[in-house]
Amino acid sequence: MIYREAGQFKSTYKEDQQIFPIRQDRIALAAILIAGFVLVPLAGNDYWFNAILIPSLILALAALGLNILTGYAGQLSLGSAGFMAVGAFGAYNLMLRVPHMPVLGSFFLAGIVAAAVGLLFGLPSLRIKGFYLAVTTLAAQFVIEWALTKFAWFSNYNPSGVISAQKMVILGYRFDSPVRRYVLTLSIVAVLALAAKNLVRSRVGRAWMAVRDMDVAAEVIGIPMLRTKLLAFGVSSFYCGVAGALWAFAYLGSVEPQAFDLTRSFQILFMVIVGGMGSILGSFLGAAFIVLLPIFLNVTAHSLFSGGVSQSLASNLELMAFGALIIFFLAVEPFGLARLWQTGKEKLRLWPFPH
Amino acid sequence: MKEPEAISSRLAWVGAACLVLGVVFSAPALAQNEQFIPMADYRIGPYAAGGTGTYGGFIDYLDMLNSRDGGINGVKLTWEECETEYKNDRGVECYDRRKKKGPTGAAMFNFRSTGITYACIERATADKIPVISIGYGRADASDGRVFPYVFPLVTNYWSQSTAKIRFIGMKSGGMDKLKGKKIINLYHGSAYGKETIPILDLQAKKYGFTVTHIEVPHPGNEQESQWLQIRQAKPDWVILRGWGVMNPVALKTAAKVGYPRDHIIGVWWSGAEEDVTPAGDAAKGYIAAAFHPSGTNFPVLQDIQKRVYSGGHKGNLEDMKRFGSIYYNRGVIHGILNTEAIRTAQAKFGKKPLTGEQVRWGLENLNLDEKRLKELGAYNLLQPIKVSCMDHEGGGAVKFQQWDGKQWKLISDWIKSDQSIVRPMVEESAAAYAKEKGITPRDCSKE
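**A look at the overall build of chain B**
Thinking step 1. Counting its regular elements, chain B contains 15 helices and 15 strands.
Thinking step 2. Against the 2.2 N^0.38 benchmark of 22 Å for 447 residues, chain B shows a C-alpha radius of gyration of 23 Å, consistent with a compact globule.
Thinking step 3. Along the first, second and third principal axes, the C-alpha set of chain B runs to 70 × 70 × 40 Å.
Thinking step 4. In chain B, buried positions account for 55% of the 447 residues.
Thinking step 5. Within chain B, contacts between residues separated by at least 24 positions form 70% of all contacts whose residues are at least 6 apart in sequence.

In structure tokens form, the structure reads like this:
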């Protein structure tokens, strides 16, 4: 009833091609953005910004990057955390070594550096596919972590190899309190998500999907493999790189290469799988699920069992519940949380008169 | 077969109701005369053995104080656990979740993870909550002028390293005998593992021995090539800077290539029962550093046994065999240092719940001499500690222990670290940090 596009006529090409063709979607998006930029900063507290919102948004950005590569272009990758590390260490070194480097500029260039590294490790994708490709990206993960640990130059010769992010000042405005860091993160993530949404509907995005669905057919109809696949690696690594820079600067404030280990890559991959392959919304839902659920379980386990069950058991129960819930959601909806939303949307369009 | 179903569905309802109640009533009734100590611990994951042991001892000590003395000067101690899984992001989440708990907020944080400690230094300094890192964390935080809220109490990694070289010197018959000796530093490929490379290089130059650094990539369950390299090099000593599974594997592989275990010296994160028992006989003779001994032969441990584990009481430890183990005793030491800091602060600010800022003063003026340690029943369990604005470490001595196949035997007295090497490095590193962050170091004469 409410969610129906009847009566919304498109009379120009522009209207027909806009990103969100349904008016309700546009209103909902505007409402979410207003809530994110105005209401949440007014109502939230430090805990919510620091522990919930900032990490979810950053990991959603990384998941978005992987989703471009895996969900849209069909190239399986296990190196996302490695590219995040490149972004984090890249931004730190740019700030450190280039005089008068603006923070946003360093984030952007860190993304470009990550993209360059991504291109390099994307080269094997021209010859190999599927799980074999996953193994070569796994090499990226290990090589990057090894190089950042091995060469002290990357961490400015810190004895323990930990970098401590510089202060973020943009146009004289300091982003040091949790709420300011949240607003900065949200702005970057919103802009990049919008760019991704646009990108996947463009010629490039369609080429990616064609490659994903059948690369031989795509080649036959004239899609250049080299450019398309490498572009997917480059763009994906750019997103991961910016996410890594934000992880270091806006979230933790200090990172070591081990913060971006294989577990983090898997975590991002799970976000894409649980959230929904080939869906921008899915990246956000997946990140929320993977980040928030363990925290929620930890809070409930401790308030539920306090005293009754030993803490070690409670902690292990949490882990088991987390695994069980992942299996449950994937069994109910193998295409991820985004698909659940899509199904719901289709039902809503018919409601209250399903036929 | 209808009944079990009915029961299970009823159980589900009860579970759901509990969940709702738990969420609704999770805000506890505020009792005013309580001091809240957050426990950001880890009970699952690859390092769970360290987490359960240390936090077990820590919590049991607080429990014992509550039951014996009613807390500290009548202020009851409360705590709440929070699982970090030894991960930095989960640790930061725990920090933010717990920092405002209790009538005066969190008194201090102990993460028992170098990574989480690093991640929380700036946050905690801004929030005015002390971060204590006993035997881990940033070594240069010993300079309290730059790090007012960070306390790497007892000894840091660099101090340990100098004490270890002194121990090797003693074993060789004098520091001048170190000349020409060959030492290999086998380290865990992480921030923690790399921390002692510069100080070993410096000492090598000073005493004229050669040191070779060999990295074992995390987690370290395969060390064949490293130990073959060691066998070829034929070093006089091997320093084992391991963590978790790397330690028993190192000992087993050393046995395989025939390197004598009594010439392997581990750091204190390689020297718990959990590090040697999986290696079985291969661990016999292995030497490790310790800033405290194992064993139950201390009045404070007997007090815990009496008040927390007898008469139907149940402490935090699940396996009583671990009572008095290295990790457990380390936890008791955590308890003593944390609560004594609160006690010191209470002497100045009054016998009431204190804020993190007030506890910080207590930490900076913590002075545990031998007399006080005897009163606490921890004489010889802990070395005398005197913290000051300049020196947030306060102790700096290390003992060495040898594994005889069943337990750790102490084989040395307290060996002082060489602060003439450590302190300039600490100050240099802290000054670099201050410059990078734009911090003006405090003037300690005005404190």
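**A word on the nonpolar core**
Where a protein is soluble and globular, its nonpolar side chains tend to be buried together.
Thinking step 1. By size, the foremost hydrophobic cluster in this structure holds 219 residues, and its most contacted members are A62 and A248 of chain A.
Thinking step 2. Counting contributing residues, this core receives three or more from each of domain 1 (34-155 + 295-395 + 425-446) and domain 2 (157-290) of chain B.

**Quick look at helix 4 (residues 80-97) of chain A**
Thinking step 1. In a regular helix each residue adds 1.5 Å, so 18 residues correspond to 26 Å; helix 4 of chain A covers 25 Å between its end C-alpha atoms and thus fits that length.
Thinking step 2. The element helix 4 of chain A is extensively covered by neighbouring structure, given that 15 of its 18 residues are classed as buried.

**Focus on the interface of chain A and chain B**
Thinking step 1. Contacts between chain A and chain B engage 30 residues on the former and 33 residues on the latter.
Thinking step 2. Listing elements by their share of the side of chain A that touches chain B, those giving two or more residues are helix 3 (46-72), helix 12 (280-304) and helix 13 (311-332) of chain A.
Thinking step 3. Split by residue class, the side of chain A that touches chain B holds 10 nonpolar, 17 polar and three charged.

**Comments concerning the domain arrangement of chain B**
Residues and elements named next belong to chain B.
Thinking step 1. Looking at the assigned domains, one finds that chain B contains domain 1 (34-155 + 295-395 + 425-446) and domain 2 (157-290).
Thinking step 2. With centres defined by C-alpha atoms, the gap from domain 1 to domain 2 works out at 28 Å.
Thinking step 3. For the side of domain 1 that touches domain 2, the secondary-structure elements that each account for two or more residues are helix 4 (114-127), helix 12 (326-349) and helix 15 (419-437).
Thinking step 4. Across the side of domain 1 that touches domain 2, the residue classes tally to eight nonpolar, five polar and one charged.

**Observations regarding the environment of V183 of chain A**
All names here are of chain A.
Thinking step 1. Positionally, V183 belongs in helix 7 (residues 178-201).
Thinking step 2. Separated by 129 residues in the primary sequence, V183 and I54 have C-alpha atoms spaced 9.0 Å apart.
Thinking step 3. Non-local contacts of V183, meaning those with residues more than four positions away in its chain, are made with F37 and P41.

How each quantity is defined
Residues numbered from 1 in each chain as written. Chains lettered and ligands numbered in written order. Predicted model: local features only at pLDDT ≥ 70, side-chain atom pairs only at ≥ 80, totals over all residues. Helix = DSSP H or I, 4+ residues; strand = E, 2+ residues; numbered from the N terminus. Rg over C-alpha atoms; globule rule 2.2 N^0.38 Å. Buried ≥ 20, exposed ≤ 12 C-beta atoms within 10 Å, placed from the backbone. Contact = placed C-beta atoms within 7 Å. Core = buried A, V, L, I, M, F, W, Y, C linked by C-beta atoms within 7 Å. Domains from an automatic or database assignment. Expected span 1.5 Å × (residues − 1). Nonpolar A, V, L, I, M, F, W, Y, C, P; charged D, E, K, R; others polar.

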